[in-house]
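Coordinate inspection notes
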Amino acid sequence: MTSFTKKLALAAAVVAAPLMAATSVAADGEKYILVSHAPDSDSWWNTIKNGIALAGDQMGVEVEYRNPPTGDLADMARIIEQAAASGPNGIITTLADYDVLSGPIKDAVASGVDVIIMNSGTPDQAREVGALMYVGQPEYDAGYAAGLRAKGDGVGSFLCVNHYINSPSSTERCQGFADGLGVDLGNQMIDSGQDPAEIKNRVLAYLNANPNTDAVLTLGPTSADPTLLALDENGMAGDIYFGTFDLGEEIVKGIKSGVINWGIDQQPFLQAYLPVVVMTNYHRYGVLPGNNINSGPGFVTADGLTKVEQYAGEFR
């Protein structure tokens with residue numbers, strides 16, 4: 001087994017391990033803490049955990065993943081405060097809600113802790129809070145690109161299933177899609193919540209009330225997986241245009257079977273992996289990229305599934 005294969009195997013094991021297993025111990029005391037807004041129930045973030053674990057192993061630094069178990073942003077703000085107080089070399093964090101999280105992040109920077117914003121928020125917001133950079137996908141631009149693609153495929157109306165409506169980034173995806181189509185978002189976005197059964201029921205109810213809807217847009221496995229079940233139940237699977245953000249095991253199966261037309265891959269592995277590498281080199285050698293890093297978007301279709309299918313839910 002090669003050294004790289006061993007590292008992949010080590011990182012993949014994180015998915016099935018307890019939360020604190022997403023920790024790599026440094027030989028020289030360098031430590032980086034990643035704080036996300038995701039609840040424990042959101043499996044999409046397993047790729048994030050694998051990304052920091054592999055980066056920590058390769059760079060020889062300690063890494064730790066923390067999150068609010070229920071996704072409560074006030075709880076996340078406290079976690080950021082606690083992380084900063086523990087004196088790490090750096091914090092990598094999402095910026096899911098600027099009003100709630102900008103204060104603790106600014107305080108962390110003021111205390112001398114370097115910060116990189118990843119996944120959610122914007123490059124402008126990252127600069128405003130004093131972060132070194134932003135690593136992620138421009139969400140509105142990704143939604144807009146998806147809308148243009150769907151418009152070219154003849155879509156004129158849609159349902160956006162928003163499972164995290166209190167995150168501005170999620171709404172930007174839906175708004176960008178509407179603007180790409182050249183239509184008003186209006187009531188085409190629903191607050192689905194995060195309970196799978198409720199998501200399925202709300203999708204069924206919307207499509208029953210709006211049977212001429214051309215397309216469905218979901219924002220990740222949390223909403224895509226129950227939507228797949230809903231479309232299977234109402235007989236629309238394979239007949240209604242279906243696009244989704246992010247990837248996961250069921251999404252990959254849906255793309256392969258033709259039920260899902262495409263998935264937008266923001267490459268969450270890179271969102272966790274690159275900040276650890278960047279900050280480690282910054283602290284060791286004083287080198288820093290001169291700009292933010294766009295980890296996506298990229299469209300994944302049935303034509304390019306080999307690597308995606310192999311590593312879905314682990315590194316893709």
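Residues numbered from 1 in each chain as written. Predicted model: local features only at pLDDT ≥ 70, side-chain atom pairs only at ≥ 80, totals over all residues. Heavy atoms only, no water.

1. Regarding the overall build of the protein chain
- Looking only at helices and strands, the protein chain has 12 helices and 12 strands in total.
- Referenced to the eigenvectors of the C-alpha coordinate spread, the extents of the protein chain come out at roughly 60 × 45 × 35 Å.
- Within the protein chain, the fraction of its 316 residues that count as buried is 53%.
- Within the protein chain, counting contacts between residues at least 6 apart in sequence, those at least 24 apart form 73% of the total.
- Carbon and sulfur atoms form 49% of the exposed surface of the protein chain, whose accessible area is close to 12,800 Å². (Helix = DSSP H or I, 4+ residues; strand = E, 2+ residues; numbered from the N terminus. Buried < 20%, exposed > 50% of the residue type's maximum accessible area, 1.4 Å probe, protein only. Contact = heavy atoms within 4.5 Å. Areas by Shrake-Rupley, 256 points an atom, 1.4 Å probe, with all protein chains shown as cover.)

2. Topic: helix H2 (residues 46-59)
- Spanning 14 residues, H2 covers 20 Å between terminal C-alpha atoms, matching the ideal 20 Å at 1.5 Å per step.
- Among the 14 residues in H2, 12 count as buried, and that is most of the element.
- Turning to H2, its buried residues are Asn-46, Thr-47, Ile-48, Lys-49, Asn-50, Gly-51, Ile-52, Ala-53, Leu-54, Ala-55, Gly-56 and Met-59.
- Phi turns positive, to about 70 degrees, at Gly-60, one or two residues after H2. (Expected span 1.5 Å × (residues − 1).)

3. Some words on the pairing of strand E1 (residues 31-35)
- The buried count for E1 comes to 5 of 5 residues, which makes it a mostly enclosed element.
- What you see with E1 is no split at all: Lys-31, Ile-33 and Val-35 on one side and Tyr-32 and Leu-34 on the other are buried throughout.
- One ladder, built from 5 bridges, connects E1 with strand E2 (residues 62-66); its direction is parallel. Looking at E2, one finds that Ile-33 is bridged to Glu-64.
- Each parallel crossover has a hand, and the one from E1 via H2 to E2 is right-handed.
- Sheet analysis places E1 next to strand E3 (residues 90-93), joined by 4 bridges and oriented parallel. Bridge assignment links Leu-34 to a residue of E3, and that residue is Ile-92. (Pairing = 2+ DSSP bridges. Right-handed = clockwise from strand over helix to strand, strands pointing away.)

4. Things to note about the pattern of salt bridges
- Inspection of every chain in the model, using the stated rule, returns 13 salt bridges.
- Between Arg-78 and Asp-75 there is a salt bridge, with the nearest N and O atoms lying 3.8 Å from each other. A residue pair is termed a helical-turn pair when its members lie 3 or 4 positions apart in one helix, as Arg-78 and Asp-75 do in helix H3 (residues 73-85) at 3 residues.
- Relative accessible area serves as the criterion here: at 42%, Arg-78 is assigned to the partly exposed category. (Salt bridge = Lys/Arg side-chain N within 4 Å of Asp/Glu carboxyl O.)

5. Some remarks on unusual backbone geometry
- Between Gly-296 and Pro-297 the backbone carries a cis peptide bond, its omega angle lying at 10 degrees.
- Along the polypeptide, Pro-297 turns up in the loop between strand E11 (293-294) and strand E12 (298-300).
- Phi at Asp-246 takes a positive value of approximately 65 degrees, unusual for a residue other than glycine.
- Inspection of the secondary structure assignment puts Asp-246 in the loop between strand E9 (241-245) and helix H10 (249-257).
- On the basis of relative accessibility, which here comes to 5%, the residue Asp-246 falls in the buried class.
- Positive phi values are uncommon outside glycine, yet Gln-267 reaches one of about 55 degrees.
- Relative to the elements of secondary structure, Gln-267 occurs in the loop between strand E10 (262-265) and helix H11 (268-285).

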